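# Report on the structure
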Amino acid sequence: MKNKLTGLVWTALLALVYAAVRFLEGRGVLLPYHVQILSLCCINIILVVSLNLINGFTGQFSIGHAGFFAIGAYLSAYLTVKLQVPFLAAVLCGALLAGVSGVAVGLPALRLRGDYLAIATLGFGEIIRVIILNTDAVGGARGFSGIPKYTTFGLAYLIAIITVVAIHNFVSSDFGRACLAVREDEIAAESLGVNSTYFKVLAFALGASFAGAAGALFSHYLQYMAPTASQIGFLKSIDILIMLVLGGLGSLTGSVIAAIVLTILPEFLRGFAEYRMVIYPLLLIAVMIYRPAGLMAGRELSLSSLLALGKGARTHGQHS
Amino acid sequence: MASTAELMVNNLCVQFGGLKAVDEVSFALKPQTLAGLIGPNGAGKTTIFNALTGLCPVSSGEISFNNQRLTNQPAHTIARYGIARTFQNIRLFKNLTVLDNLRIAYHKNRRYSLLCGLFHSPAFQREEAQITESAKEALALVGLADKADLLAGCLPYGEQRRVEIARALMLSPKLLLLDEPAAGMNPQETQDLLELIRELRDNLKITILLIEHDMKLVMNLCEKLFVLDYGHLIATGDPKSIQTDRRVVEAYLGGSLN
């Protein structure tokens, strides 16, 4: 009963946000530039939340997330441009191939732990980038241009919501608990009947396919893909990782908040031109000093905790 | 022959490089026995547990459980055959709640599919409610019903041990292996534990094999004892006969008693 109610409230809130964006866009308050930033926020939410499943909930430190993102971006673009496949089908194909490559990478790589796994996944990301760089069919080093603009804010928003809900549901099911068990203590998990390899690969595949979907949305939004480190290479992976760590490993709401903040923040800092790349890292360092476990530190922001906070503030107000 | 004994261990050897941690050990456990595995430090007791539960490779020999071959099967498969264990250095999921620790152990009985999990379908809701229910029952069994929502790592040592036992019980095991369940407990806690273990065996009709250094507990509780020394099984029998066994006394006190 209570679950249904919070579900309804969330649905209403999310619908309200969408309506507000469309309304302000119509009134000319939000320029196309703003809507683009909001769409990028949604795409980044998908990326961070899906990486959280791998790094935060299953405890497998991967920094090759941009590789899966690139697979989704390029495959879907190739399908829509060269083969005239409907966009949604192309998104699904991108997600699927990213998921399959998640399994292909996961099976051998997940024998490794910690730093070693991180390096192996970093290598995987670079392999994908180099393959794309040398594939003429997707533009090679020139980049892939002429991709139709199929992604709208509404679609990115919807898929971001689906991602968060799906991963939230996964984590709070038996499958997610098995992943948590693997993160906490692999030996104990095994002795309780949890096939740790299976769940590592499952988390990897699931995370990768959402990243693939994010890639498909991205390429059909910007209409151009460049095989550079910052767009599909390790810099992109690091970007996603920073958002994840800043929001807090193992917190979905943390991931969402950090993805939004860190997508918008650099835009605000544009005014400071050359100081931008000084202020941004300083902010990160400050957060890591004062909240070393991330903004949300493994906790979740829920409606009831928000309400409790509001009540606390109110009673506090009455006292003073 | 084999069908009367639940657990059969035949000529088990576990070798780490040049060290034979377990050397030609054979024993059998009948259903619903409460047995103890004792021996000086480094005798190979925990290694036997690890071999039984698939956590360390068996060099040679055979292990079977209800005529099911266990030798060198992966740990998660062995758990499915109904063998559960606790660890000497408690291995709870410390950052998760006590309830979640137990719910994880329901894993092998889960019926709903991944899709049901992703959509939180009615089948999922029903089964999750049932999982929580059985986790709470298992907690009540070890007397920790009121600690369900605390983080496992925050509990005092003795209670963590009990949670670990409850978690093992969530597997609805036929054989329960307890690795030093009384380690670090005070006399009162040890006494409570003794009663708990006896109750578990009597009420749940399971076989229990435990490793323990607290001889008072072992002698009071166990019906059958296996004594290990330097990887060899040196004596088998009831507590009375073990106490007077010459080789056991030698292993514990050194030298002969002449």
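About the thresholds
- Residues numbered from 1 in each chain as written.
- Chains lettered and ligands numbered in written order.
- Predicted model: local features only at pLDDT ≥ 70, side-chain atom pairs only at ≥ 80, totals over all residues.
- Helix = DSSP H or I, 4+ residues; strand = E, 2+ residues; numbered from the N terminus.
- Rg over C-alpha atoms; globule rule 2.2 N^0.38 Å.
- Buried ≥ 20, exposed ≤ 12 C-beta atoms within 10 Å, placed from the backbone.
- Contact = placed C-beta atoms within 7 Å.
- Pairing = 2+ DSSP bridges.
- Axes fitted to C-alpha atoms, helices over the stretch in contact; angles between N-to-C directions.
- Nonpolar A, V, L, I, M, F, W, Y, C, P; charged D, E, K, R; others polar.
- Left-handed = near helix turned anticlockwise from the far one by under 90°.
- Domains from an automatic or database assignment.
- Core = buried A, V, L, I, M, F, W, Y, C linked by C-beta atoms within 7 Å.
- Expected span 1.5 Å × (residues − 1).

### Focus: the overall build of chain A
- A tally of helices and strands in chain A yields 13 helices and two strands.
- Its C-alpha atoms give chain A a radius of gyration of 20 Å, within 12% of the compact-globule value 20 Å for 320 residues.
- With the principal axes as the frame, chain A shows a C-alpha extent of 70 × 60 × 45 Å.
- Buried positions account for 47% of the 320 residues belonging to chain A.
- Within chain A, contacts between residues separated by at least 24 positions form 79% of all contacts whose residues are at least 6 apart in sequence.

### Some points on the sheet that holds strand β5 (residues 68-69) of chain B
Residues and elements named next belong to chain B.
- On the basis of which strands lie adjacent, the open sheet formed by four strands has the order β2-β1-β4-β5 and antiparallel pairing. Bordering the open sheet on either side are β2 (19-29) and β5, each of which pairs with just one other strand.
- Two strands pair when backbone bridges link them, and strand β1 (residues 7-16) and β2 are joined in this way by seven bridges, in the antiparallel orientation. The residue bridging L7 from the neighbouring strand is L29, located in β2.
- Helix α1 (residues 45-52) rests against β1, β2 and β4 (60-65) of the sheet, and its axis sits at about 65 degrees to β2.

### Here we look at the interface of chain B and chain A
- With 27 residues of chain B at the interface, the matching set in chain A holds 20 residues.
- Mapped onto the side of chain B that touches chain A, the elements with two or more residues apiece are α2 (75-80), α3 (98-104) and α4 (114-119) of chain B.
- Of the residues that constitute the side of chain B that touches chain A, the class distribution is 13 nonpolar, six polar and eight charged.

### Side note on the sheet that holds strand β3 (residues 34-38) of chain B
Residues and elements named next belong to chain B.
- On the basis of which strands lie adjacent, the open sheet formed by six strands has the order β6-β7-β8-β3-β9-β10 and mixed pairing. Each edge of the open sheet carries a strand with a single partner, namely β6 (83-85) and β10 (232-237). The mean angle between the axes of side-by-side strands here comes to 20 degrees, regardless of whether they run parallel or antiparallel.
- Bridge analysis of β6 against strand β7 (residues 175-179) gives three bridges, and the strand direction is parallel. For A84, the partnering residue across the bridge sits in β7 and is L176.
- The strands touched by helix α10 (residues 246-253) are β9 (224-229) and β10; relative to β10, the strand with the most contacts, the crossing angle is about 130 degrees.

### Quick word on the packing of helix α4 (residues 87-109) of chain A against helix α9 (residues 196-222) of chain A
Residue and element names in this part refer to chain A.
- Remark: α4 packs on α9, axes separated minimally by 7 Å, with the N-to-C direction vectors making an angle of 145 degrees. Crossing of α4 over α9 shows right-handed handedness.
- Tallied by class, the residues present in the contact of α4 with α9 amount to 18 nonpolar, 10 polar and one charged.

### A look at the domain arrangement of chain B
Residues and elements named next belong to chain B.
- Domain annotation of chain B identifies domain 1 (1-82 + 174-258) and domain 2 (94-172).
- The centre of domain 1, based on its C-alpha atoms, is set 27 Å off from the matching centre of domain 2.
- When residues of the side of domain 1 that touches domain 2 are traced back to their parent elements, those giving at least two are α2 and α7 (187-204).
- Its residues assigned to classes, the side of domain 1 that touches domain 2 comprises five nonpolar, one polar and two charged.

### A short note on unusual backbone geometry
All names here are of chain B.
- Phi is positive for N66, close to 50 degrees, though the residue is something other than glycine.
- On the secondary structure map, N66 appears in the loop between β4 and β5.
- Within the chain, K205 stands out as a residue other than glycine whose phi angle is a positive 55 degrees.
- With respect to the secondary-structure elements, K205 resides in the loop between α7 and β8 (207-211).
- Residue classification places K205 among the exposed residues on the basis of 10 C-beta atoms within 10 Å.

### Comments concerning the nonpolar core
- Among the nonpolar cores identified, the biggest contains 170 residues, and I46 and Y74 of chain A are the most heavily contacted of them.
- Of all the elements, α9 of chain A adds the most residues to this core, at 16 residues.
- Residue-level mapping places this core at the junction of two domains, with at least three residues from each of domain 1 (1-82 + 174-258) and domain 2 (94-172) of chain B.
- Excluding its chain neighbours within four sequence positions, the residues that come into contact with Y74 of chain A are I132, V138, F144, S219 and M225 of chain A.

### Examining helix α10 (residues 234-247) of chain A
Residue and element names in this part refer to chain A.
- The terminal C-alpha atoms of α10, which comprises 14 residues, lie 20 Å apart, in line with the 20 Å expected from a rise of 1.5 Å per residue.
- Counted residue by residue, α10 has 10 buried out of 14 residues, so it is predominantly covered.
- Buried within α10 are the following residues: F234, K236, S237, I240, L241, M243, L244, V245, L246 and G247.
- In the stretch just after α10, G248 is the one whose phi turns positive, near 110 degrees.

### Section: the environment of P108 of chain A
All names here are of chain A.
- As for its position among the elements, P108 is in helix α4.
- Note on P108: 10 C-beta atoms within 10 Å, which makes it exposed.
- Distance in space between the C-alpha atoms of P108 and Q60 is 13 Å, their sequence separation being 48 residues.

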